[in-house]
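# Structural characterization, general
Read off the chains here:
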Amino acid sequence: MLLGPPGAGKGTQAKELAGRLGIPAVSTGDIFRANVADGTPLGKQAQEFMDRGDYVPDSVTNAMVRDRLAEPDCAGGFLLDGYPRTPAQVAELDAMLAERGQHVEQVLEIVAPADEVVRRLLLRAVEQGRSDDTEEVIRRRLEVYAEQTAPLAAAYRERGVLTQVDGIGTVEEVAERMIGAVRGQAS
Ligand code: ADP
């Protein structure tokens, strides 16, 4: 699982790491955006929350993740990016995994200072035109992260599964640190 604030590089690193580990990356933000783009009922439910920088309600998100994890490619393990983000999602994930005889093996927290993540998100706004990358919505997303998601790191640290990774550097440098952290834990 990847943890870290918006702009820390979770999505980029999730693709890289999942490729190297040979497991699927399950990125809830990507799944929501694809549903918004396709105009599905799920996309219609999620869009208003995303546009404000708020979290999509737990019930909606949990149901979506449950469906995704039921796909055959997730049977042997997967990398979560952007989920869980609330204590209720942590509890639901634990329940889903227990049903499958699985558990959270490792949590990588990508650490990056607030001024750096804001800089990256504003740059991405120009490059990709994501509708939630405006200054006001970025501020809200960081606030929601600090309130609701940052405390999750402490919970996983207590379980002994948390590794912090410095998110400053090139994509390749951070990817090397991430894979090093995974190997370090596996040995
Ligand atoms: P960010 O870089 O802001 O973390 P994501 O692409 O991961 O971006 O998520 C974009 C938006 O999708 C979030 O701001 C939120 O509205 C919604 N979202 C993604 N994952 C979750 C989740 N686990 N719970 C609730 N909402 C989510």
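Reference entry: report on the structure contained in this document. Quick caveat, the model's predicted, so the values are computed rather than measured. (Residues numbered from 1 in each chain as written. Predicted model: local features only at pLDDT ≥ 70, side-chain atom pairs only at ≥ 80, totals over all residues. Heavy atoms only, no water.)

### Examining helix α3 (residues 41-52)
For α3, the complete set of buried residues consists of Leu42, Gly43, Ala46, Phe49 and Met50. In an axial view of α3, the angular spread of the buried residues amounts to 135°, which keeps them on one side of the axis. More than 90 degrees from the buried face of α3, the exposed residues found are Pro41 and Lys44. Summarising the contacts, the buried residues of α3 are in contact with α2 (28-38), α4 (58-69) and α7 (135-159). (Buried < 20%, exposed > 50% of the residue type's maximum accessible area, 1.4 Å probe, protein only. Helix = DSSP H or I, 4+ residues; strand = E, 2+ residues; numbered from the N terminus. Arc of directions from axis to C-beta. Contact = heavy atoms within 4.5 Å.)

### Description of the site of the ligand
If you check the shell around the ligand, you find 19 residues, and the closest are Arg33, Asp54, Gly82, Arg85 and Arg141. One of the side-chain N or O atoms of Arg33 is found 2.7 Å from an oxygen atom in the ligand. Here an oxygen atom of the ligand sits 2.7 Å away from a polar atom, N or O, in the main chain of Asp54. Across the complex, the protein chains shield 96% of the 550 Å² of accessible surface that the ligand would expose by itself. In terms of residues, the shell around the ligand owes the most to one element, α2, which gives 4 residues. Along the lines of polarity and charge, the residues of the shell around the ligand split into 6 nonpolar, 5 polar and 8 charged. (Near = heavy atom within 4 Å. Polar contact = N/O pair within 3.5 Å; in protein donor to acceptor, adjacent residues only side chain to side chain. Areas by Shrake-Rupley, 256 points an atom, 1.4 Å probe, with all protein chains shown as cover. Nonpolar A, V, L, I, M, F, W, Y, C, P; charged D, E, K, R; others polar.)

### Quick word on α4
Taking 1.5 Å per residue, 12 residues should reach 16 Å; α4 reaches 16 Å between its end C-alpha atoms and fits that length. Listed as buried for α4 are Val60, Thr61, Asn62, Met64, Val65 and Leu69. (Expected span 1.5 Å × (residues − 1).)

### Observations regarding the pairing of strand β4 (residues 107-111)
In terms of residue burial, β4 counts as a mostly covered element, since 4 of its 5 residues are buried. Two elements, strand β1 (residues 2-3) and β4, share 2 bridges in a ladder whose sense is parallel. Paired with Leu3 across the two strands is Glu109, which belongs to β4. In this structure, β4 lies alongside strand β5 (residues 162-166), joined through 5 bridges in parallel fashion. Residue Leu108 lies in a different strand from β5, and its bridge partner there is Thr163. (Pairing = 2+ DSSP bridges.)

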